[in-house]
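Read off the chains here:
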Amino acid sequence: MRCVLYIMPLLAVAACATPRESCIYTAQDQLRVLDGRIATAQGNVDRGFAVFTATDTRTIEATCTDRLPDGQLEEYDCDRTETFTTSSPVAIDVGEERRKLKRLRDQRPALQAATDTAVRQCIAIHPE
């Protein structure tokens, strides 16, 4: 599920972006992922616990409606698939989470520099 969350914005941007914008968006991808991991770890430290999110798909009996050719509505029993998301707290070692947060933050300056270089290359390759 998390992969879909990262891919969907990329597809949306790629669909209507210029080559330069697509290149820059791709160049910034790893930094966005790292920033997301930092935000998650910071939230875990602030709360004192992690949050586990589970997605479950269930088939539910429902009543469906169709319009007949003569314009009348017909109701009938059918199955509908729905997706439910639940979140629950998960115990963590806050000390280890702080160490992880520090490691992630320590990685950020080097990744920011690499991202800046890649963005400059995108601008050079795709001048507007």
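Small disclaimer: the values here were computed from a predicted structure and weren't measured. (Residues numbered from 1 in each chain as written. Predicted model: local features only at pLDDT ≥ 70, side-chain atom pairs only at ≥ 80, totals over all residues. Heavy atoms only, no water.)

Engineer: Describe the packing of helix 2 (residues 19-27) against helix 4 (residues 94-125), listing the residues and the values that go with them.
Structural biologist: Relative orientation and spacing of two packed helices are given, respectively, by the angle between their axes and the distance between those axes. At a minimum axis distance of 9 Å, the contact between helix 2 and helix 4 shows a crossing angle of 170°. When the axes of helix 2 and helix 4 are compared, the pair comes out roughly antiparallel. Between helix 2 and helix 4, the contacting residues are R20, C23, I24 and A27 on the first element and T115, A118, V119, C122 and I123 on the second. Class assignment for the residues of the contact of helix 2 with helix 4 results in 7 nonpolar, 1 polar and 1 charged. (Axes fitted to C-alpha atoms, helices over the stretch in contact; angles between N-to-C directions. Helix = DSSP H or I, 4+ residues; strand = E, 2+ residues; numbered from the N terminus. Parallel < 35°, antiparallel > 145°, perpendicular 65-115°, else oblique. Contact = heavy atoms within 4.5 Å. Nonpolar A, V, L, I, M, F, W, Y, C, P; charged D, E, K, R; others polar.)

Engineer: Can you tell me about the state of the cysteines, naming the residues and giving the values?
Structural biologist: One covalent bond between the sulfur atoms of two cysteine residues makes up a disulfide. A complete count under the given rule lists 2 disulfides for this structure. The disulfide partner of C23 is C122, and the S-S distance across this bridge is 2.0 Å. The sign of the -70° torsion about the S-S bond sets the C23-C122 disulfide as left-handed. With C23 in helix 2 and C122 in helix 4, this pair connects stretches of sequence that are 99 residues apart. Judged by relative accessible area, which is 22%, C23 ranks as partly exposed. For C122, a relative accessible area of 3% gives the class buried. A disulfide bridge connects C64 with C78, and the sulfur atoms are separated by 1.6 Å. Between C64 and C78 the sulfur-sulfur dihedral comes to about 75°; the bridge is accordingly right-handed. (Disulfide = S-S within 2.5 Å. Buried < 20%, exposed > 50% of the residue type's maximum accessible area, 1.4 Å probe, protein only.)

Engineer: Tell me about the packing of aromatic side chains, and name the residues and values.
Structural biologist: Aromatic rings in a pair are described by how distant their centres are and how their planes are angled relative to each other. Under the defined criterion, the tally for this structure stands at 0 aromatic pairs. Seen from the ring of F49, R47 lies directly overhead, with NZ or CZ sitting 5.5 Å from the centre. (Phe/Tyr/Trp six-rings, centres within 6.5 Å; stacked < 30°, edge-to-face > 60°. Lys NZ or Arg CZ within 6 Å of the ring centre and 35° of its normal.)

Engineer: So what's going on with the environment of Y76? Residues and values would help.
Structural biologist: Residue position: Y76 is located in strand 2 (residues 73-91). Linking Y76 and T65, residues 11 residues apart in sequence, is a C-alpha distance of 6.5 Å. Within the local environment of Y76, its side chain forms a polar contact with the side chain of D66, the two groups lying 3.0 Å apart. (Polar contact = N/O pair within 3.5 Å; in protein donor to acceptor, adjacent residues only side chain to side chain.)

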